[in-house]
Amino acid sequence: MTTPAPTSTTANNSTRPLRVGVLGLQGAYTEHLYMLQRLGQTVPVEACIVKTAAELDPAQIDALIIPGGESTAMALVAERSGCLDALREFVHKQPTWGTCAGMILLSTTATQTKQGGQNLLGALDITVQRNAFGKQTESFIAPLTIDGIAPADQPFEGIFIRAPIVEVAGPHVQVIGKVDGDHGLQHGERIVAVRQGHLLGTSFHPELTKDLRVHAYFVQMAREALGL
Amino acid sequence: MPFNTPANLTAHDDAAAEQKRAQEFTLKAGLAQNLKGGVIMDVINAEQARIAEEAGAVAVMALERVPADIRKDGGVARMSDPKMIKEIQAAVTIPVMAKVRIGHPVEAQILQHIGIDYIDESEVLTPADDVHHIDKHAFKVPYVCGCRNLGEALRRINEGAAMIRTKGEAGTGNVVEAVRHARQLFQDIRRAQTMTPDELYNFAKEIGAPYDLLKQTAKLGRLPVVTFSAGGVATPADAALMMQLGMDGVFVGSGIFKSGDPMKRAKAIVQAVTHFNDPKVLAEVSEDLGEAMVGINIDTLPESQKFAKRGW
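Keep in mind it's a predicted model, so treat the numbers as computed, not measured. (Residues numbered from 1 in each chain as written. Chains lettered and ligands numbered in written order. Predicted model: local features only at pLDDT ≥ 70, side-chain atom pairs only at ≥ 80, totals over all residues. Heavy atoms only, no water.)

Draft legend 1. The arrangement of the overall build of chain B in detail. The number of helices and strands found in chain B is 13 helices and 8 strands. In terms of overall dimensions, chain B is globule-like: its C-alpha atoms have a radius of gyration of 19 Å, near the 20 Å expected for 312 residues. Principal-axis analysis of the C-alpha atoms places the extent of chain B at approximately 65 × 45 × 35 Å. By the burial criterion, 57% of the 312 residues in chain B qualify as buried. The long-range share in chain B, meaning contacts at least 24 apart out of those at least 6 apart in sequence, stands at 66%. On chain B, roughly 13000 Å² of surface is accessible, and the fraction owed to carbon and sulfur atoms is 51%. In chain B, 36 positive and 40 negative side-chain charges are present, and the distance between their average locations comes to 1 Å. (Helix = DSSP H or I, 4+ residues; strand = E, 2+ residues; numbered from the N terminus. Rg over C-alpha atoms; globule rule 2.2 N^0.38 Å. Buried < 20%, exposed > 50% of the residue type's maximum accessible area, 1.4 Å probe, protein only. Contact = heavy atoms within 4.5 Å. Areas by Shrake-Rupley, 256 points an atom, 1.4 Å probe, with all protein chains shown as cover. Lys, Arg positive; Asp, Glu negative; His and termini not counted. Charge placed at Lys NZ, Arg CZ, Asp CG, Glu CD.)

Here you go:
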């Protein structure tokens, strides 16, 4: 950050930038990187792409974003790249946000997965239904109200692309956003944004918009979780 | 970027239509953004589609014959049987793409109706129109189209393509044309970036590209949509080469299922695309893959059998 570090060696280190890694195995990861770089102009945050177990080190990055992409492909590549265990360990302790496929990976249970199922990180206590709205022609954009992020008079542009929904949220999971109306196979209110302590999950893609509010929320949430 | 007509010059008002179109394009281009860093594999049946999904493909391209067989069999190559495409859709959870002939919107309407996730208006099939491409804005389903250079890419984007792939020479197992088209595309973009505004107007005319899109491309330093490589990738090293050249991801057609051990090769190519800059991983995954697709030297290919020159 451009802000000079305090000269005093004690106390105030609140300007230390939060170091966010974006998991770069597959998917829309550079989009998250560019969003964090833009956010970094006003908020102390630094971002980098991580691809290996060695890079998933809390000594190097404070928090992680798992981007949208194909969750099956991402899980298989993670396993074969030898970083599945490091990922599991990281997300159980450090602040992590999963968007779309990333939320599926973070979950404890996923339905409508490929034959034989898929690897999950099992940290966020939700049951996720993959491709819940249908095929690509059912993808849609809808205005969302999200607790602590987007009030009803300033909704967030929710971009849902072959998106999952949260079918069941566990007792410690806070539902912070729902989508309403008729969208493909879904009718009525469906959970699309959740928070559980140091974990955040969204069905939609804030990284495909120019709206920094969810990224700013995640950075703030991560700082609080880490006591920074 | 539509032309800014002065307000109320006419009674016409299409702001709402423009906004709807912009939103639809966000969804079309957004799916391609989610596919970045991935491998899209040609498959001809449900069994191959399952192998592709297990290998880590981000999507499959459903077609009746892989390009190598289209080349061998000759005759007119058309859209695949919707029944076969539906079987593939039922077998996997990843996006399913399928090809239509250049300039054949009815084949595309059929594919949109059966819920295909992406349409490839492809030179690999026999063109149905030797002048026009499909008006891709008219569809809800997104399109990927092939290009050999910047002019061709921007014409396709202007028609509504939400994703571009370089053409290469499909079904040859020879990466040389894929490299040629990637280099040409990036050279064209770098040239555009050095031009003054007056030169850029002329360049747009020379390469047959819409000026606004060309200007946007020069500003961004890349195509304004996700850009994959296609046509000739046969090994993990080939795939990593295309990524190092600057591609966002890779299509592999005949290279996988025309090889000795498709599952192993497919997995290796997926790893190579993620870790394209890591020679250690590339060395590991390149080991003991069995026989690669035999391949064809482009020099020996008669002009009439070059797919890449189809498209206008």
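Draft legend 2. Representation of the nonpolar core within the structure. Leu64 of chain A together with Met242 of chain B are the most contacted members of the largest nonpolar core, which has 108 residues in total. At 7 residues, helix H7 (residues 176–193) of chain B tops the list of elements feeding residues into this core. Residues in contact with Leu64 of chain A, not counting those within four places in the same chain, are Gly21, Val22, Leu23, Val50, Leu56, Leu87, Phe90, Val91, Pro95, Thr96, Trp97 and Phe218 of chain A. Leu39, Ile176, Val192 and Ala193 of chain A belong to the second-largest nonpolar core, a separate cluster that totals 34 residues. (Core = buried A, V, L, I, M, F, W, Y, C linked by side-chain atoms within 4.5 Å.)

Draft legend 3. Structural context of the interface of chain A and chain B. At the interface, 36 residues of chain A touch 37 residues of chain B. Across the interface of chain A and chain B, roughly 2900 Å² is buried in total on both sides, 52% from carbon and sulfur atoms. Three residues, Arg80, Gln136 and Thr137 of chain A, lead the burial of chain A against chain B; their summed loss comes to 21% of the area buried on that side. Taken together, chain A and chain B are joined by 3 salt bridges. With its nearest N and O atoms 2.8 Å apart, the salt bridge here joins Lys36 of chain B to Glu31 of chain A. Here chain A is connected to chain B by 23 residue pairs in polar contact (both at pLDDT 80 or more). When contributions to the side of chain A that touches chain B are tallied by element, the ones reaching two or more residues are helix H1 (29–39), helix H2 (71–80), strand S7 (140–144) and strand S8 (156–160) of chain A. Sort the elements by how many residues they give to the side of chain A that touches chain B and H2 of chain A lands first, with 5 residues. (Buried area = accessible area lost by both parts, 1.4 Å probe. Salt bridge = Lys/Arg side-chain N within 4 Å of Asp/Glu carboxyl O. Polar contact = N/O pair within 3.5 Å; in protein donor to acceptor, adjacent residues only side chain to side chain.)

Draft legend 4. Expanded view of the UniProt feature "binding site: L-glutamine" (unreviewed entry) in chain A. In the UniProt entry, the feature "binding site: L-glutamine" (unreviewed entry) is given for Gly69, Glu70, Ser71, Arg130, Ile161 and Arg162 of chain A. The greatest C-alpha distance among the residues just named is 13.0 Å, despite their covering 94 residues of sequence, which places them together in space. With respect to the helices and strands, the residue Ile161 of chain A is situated in the loop between S8 and strand S9 (165–169). Excluding residues within four positions of it along the chain, Ile161 of chain A makes contact with Cys100, Gln136, Ser139, His205 and Leu208 of chain A together with Thr26, Leu27, Gly30, Leu31 and Asn34 of chain B. (UniProt positions renumbered as here; feature names shortened; annotations may be inferred.)

Draft legend 5. Molecular detail of the UniProt feature "domain: PdxS/SNZ N-terminal" (unreviewed entry) in chain B. Cross-referencing UniProt, the feature "domain: PdxS/SNZ N-terminal" (unreviewed entry) maps to residues 25–230 of chain B in the present numbering. The span residues 25–230 of chain B is 46% helix and 16% strand, and its two end C-alpha atoms sit 23 Å from each other.

Draft legend 6. Highlighting the environment of Asp238 of chain B. Residue and element names in this part refer to chain B. Locating Asp238 in the fold gives a position in helix H10 (residues 236–244). For the pair Asp238 and Gln19, spaced 219 residues apart in sequence, the C-alpha separation works out to 41 Å. Residues contacting Asp238, with those up to four places away along its chain left out, are Val175, Gly232 and Val233.

Draft legend 7. Layout of the pattern of salt bridges. Applying the stated criterion across every chain, the model contains 32 salt bridges over all chains. A salt bridge links Glu70 of chain A to Arg130 of chain A, with the shortest nitrogen-to-oxygen separation between them at 3.6 Å. Here Glu70 of chain A, found in the loop between strand S3 (63–66) and H2, pairs with Arg130 of chain A, found in the loop between strand S6 (124–129) and S7; they are 60 residues apart in sequence, far enough to count as distant. What makes Glu70 of chain A buried here is its relative accessible area of 6%. Here Glu87 of chain B ties to Lys83 of chain B by a salt bridge, and the two come within 3.5 Å at their closest N and O atoms. One end of the pair, Glu87 of chain B, and the other, Lys83 of chain B, are both in helix H4 (residues 82–91), 4 residues apart, so they sit about a helical turn from each other. Glu87 of chain B sits in the partly exposed class, given a relative accessible area of 42%.

Draft legend 8. Just the environment of Gln115 of chain A, in detail. Relative to the helices and strands, Gln115 of chain A resides in the loop between strand S5 (107–111) and S6. What makes Gln115 of chain A partly exposed here is its relative accessible area of 47%. C-alpha of Gln115 of chain A to C-alpha of Val50 of chain A: the two residues are 65 residues apart in sequence and 29 Å apart in space. A polar contact is formed between the side chain of Gln115 of chain A and the side chain of Arg50 of chain B, at a distance of 3.2 Å.

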